[in-house]
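Inside the fold
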Amino acid sequence: MDNLLEELKKNGRETAENLAKMLQSTPAEIEARIAEYEKAGIIRGFQALLNPNMVETDDVHAAIELKIRPERESGFGSIADRISRFPQVDSCFLMSGGYDLLLFVTGKSLQDVAHFVAAELSTIDGVLSTATHFMLKTYKDQGVAMECRNGGEERLSVTP
Amino acid sequence: MRSFVTGTVRDLPKSGIRRFFDIVADMKDVVSLGVGEPDFDTPWHISRTAIAALENGATHYTSNLGTPQLRREIANYLDRRFNARYDWRSEILVTVGVSEALDLVLRAICDPGDEVLYHEPCFVAYPAAVKLARAVPVSVPTYAEESFRLRVEELEKRVTPRTKALLLNFPCNPTGAVLCEENFRELADFAARRDLLLISDEVYSELDYTGAFRSFASMPEIRDRLVLLNGFSKSWAMTGFRLGYACGPREVIDAMMKIHQYGIMSAPTLSQAAGVRAMREGDADVARMREEYRRRRNFLVASLNGMGLETVMPDGAFYVFPSIKSTGLSSEEFALRLLNEHSVAAVPGCAFGECGEGYIRCSYATSMENLKTAVKRIGDFSAALARR
């Protein structure tokens, strides 16, 4: 992966000035490269990575496995697109193995998710079956551990 | 009552780093650039291997030399990385970090009054370790203008009939210097011409950002007079495992082993198991950490130069060694005021030898967030000094 994308994956809020120093470039060039990535659709956005264990909300998260019947012309593509358009769907992946699509969805409550599965997902033409797994706790997300281990704090602050 | 402590130890100065450590320990909100160890966690698969070894009952002594598995793995690694051939049965000794290996080799080769040449600025333990071996440390200065490389002319001026060994550390703590090809050959020739043992501490060998580093072990012509010291601490972020090794001619390794046998017995068994895993499966971890260090180095050097503290771009290790001469302060004053007034810990250059005066050592083995805060504070301090 491009070194600029690597750095932005680590910290999307890093300033162009700091990025330029790290990557031996200039702030103007860094800004231009980011703009180009955005224009090309390679960078799709910047978000804060929250610790769901600590954010005050009643939201419920679930992973849903879907078996679907591919369509003659578009294969899995158009049905995946139809499903992805629901705002409840955070992520949608085509999978190998025992099922076809893996969704991560968010709802206001358990009933809300249940209703979405029963009334929306299952009724879509081509959806053969669903299996819903509610998420209980987040240990790690997007490469970031949510609980701080404090091993590092025992590190001495000045050593040879 | 009489003093029971030997004259040698009584006269040995405490490390200049220790004093700073004591001050920092009582302060809050300090950003430390004073740390000489990786900030990364040990790669999890390596730690897991140590845990599994514990579960499997690997809690006994090992062979004095180290486990055959680890010695074989070290031999493979040196062959793979540096094209160096060592017989794992007789030419490799596993030690408690490179620190122990250094102590062993000096005690094994020095008779009282023998002289050991080494370059300054250097790792704080070198002159002390030489003195503890009842030998005489002879320092050779290196200069920022020459990217802290060691010149043979300077060595020739100081070599005597009592000179026994030349002790080198490239990539260098605290300067980050790496030898250029020409310098590398000159030094090997010098050791051969003067019939010296060459002790090469290459613990930072994996932290080489330009590909310029060459191991002395890759030179067959000096094989008989080379003791190579290396370890796992810096390459795989394994400082707490206390694991290093020495490779060299059978006679010297055998002598070192005797001291090790009576003083230490064997390196920690769990650590040796972890070391095997690191060398076998840890290349990607090294590459990942090296890439991160490289970006931090670039950031820190650009920032320090940007605020008028002249800084050589170092080719290796994880230190930069900026000059603070433009501020008119001594390195000790600069570091103390930086700590007391701006809560950034860096080590004064004079802790690494006289010619380190006028510099401070900043380690970038800390997060980008810490580096950014430190740079901001050092900038404030420099600006305040300039306004006076």
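Residues numbered from 1 in each chain as written. Chains lettered and ligands numbered in written order. Predicted model: local features only at pLDDT ≥ 70, side-chain atom pairs only at ≥ 80, totals over all residues.

**Topic: the domain arrangement of chain A**
Let me state the cut-off plainly: Note: domain ranges come from an automatic or database domain assignment.
Structurally, chain A comprises domain 1 (3-40) and domain 2 (60-136). Taking only C-alpha atoms into account, the centre of domain 1 of chain A sits 35 Å from that of domain 2 of chain A.

**Remarks on the nonpolar core**
What counts, and what does not: Core membership is restricted to buried Ala, Val, Leu, Ile, Met, Phe, Trp, Tyr and Cys residues, and these are joined into a nonpolar core through C-beta atoms within 7 Å. Labels follow a simple rule on C-beta atoms placed from the backbone: if 20 or more others lie within 10 Å of a residue's own, it is buried; if 12 or fewer, it is exposed; otherwise it is partly exposed. Numbering goes from the N terminus for both helices and strands, where a helix is a DSSP run of H or I of at least four residues and a strand is a run of E of at least two. We call two residues in contact whenever the C-beta atoms placed from their backbones are within 7 Å.
In terms of nonpolar packing, the biggest core is built from 126 residues, with Val105(B) and Ala246(B) touching the most fellow members. Looking at this core, the element that brings in the most residues is helix α5 (residues 97-109) of chain B, giving seven residues. Here Val105(B) is in contact with Ile199(B), Val227(B), Ala246(B), Val252(B) and Met256(B), once residues within four sequence places are set aside. Counting residues in each nonpolar core, the second largest holds 15 residues, with Ile68(A), Ile79(A), Leu103(A) and Val117(A) among its members.

**Quick look at the confidence of the model for chain B**
What counts, and what does not: Residue-level confidence of the predictor, termed pLDDT, takes values from 0 up to 100.
In the predicted model, chain B carries a mean pLDDT of 96, and the fraction of residues at 70 or more is 100%. For this predicted complex, the interface confidence reaches an ipTM of 0.82, while the overall pTM sits at 0.92.

**A look at the packing of α5(B) against helix α9 (residues 250-263) of chain B**
All names here are of chain B. Applied cut-off: Helix axes are fitted only over the stretch in contact, all axes being lines through C-alpha atoms; the angle between N-to-C directions runs from 0 to 180 degrees. Angle categories are assigned with fixed cut-offs, so that under 35 degrees is roughly parallel, over 145 is roughly antiparallel, 65 to 115 is roughly perpendicular, and the rest are oblique. Two helices that cross are described as forming a left-handed crossing if the nearer one is turned anticlockwise from the farther one by less than a right angle, and a right-handed crossing if clockwise.
Viewed as axis vectors pointing N to C, α5 and α9 meet at an angle of 110°, and their least axial separation amounts to 9 Å. On the basis of the axis angle, α5 is roughly perpendicular to α9. For the pair α5 and α9, the sense of crossing is right-handed. Here Leu104, Val105, Arg107, Ala108 and Ile109 of α5 come into contact with α9, specifically with Val252, Ala255, Met256, Ile259 and His260.

**Some points on helix α4 (residues 77-84) of chain A**
All names here are of chain A. Threshold: It is the directions from the helix axis to the C-beta atoms that the arc portrays.
For α4, every residue scored as buried is listed here: Ile79, Ala80 and Ile83. Buried residues of α4 fall within an arc of 100° about the axis and therefore sit on the same side. Pointing more than 90 degrees away from the buried face of α4 are the exposed residues Gly77 and Asp81. At its buried positions, α4 is contacted by β1 (60-68), β2 (89-94), β3 (101-107) and α5 (110-121).

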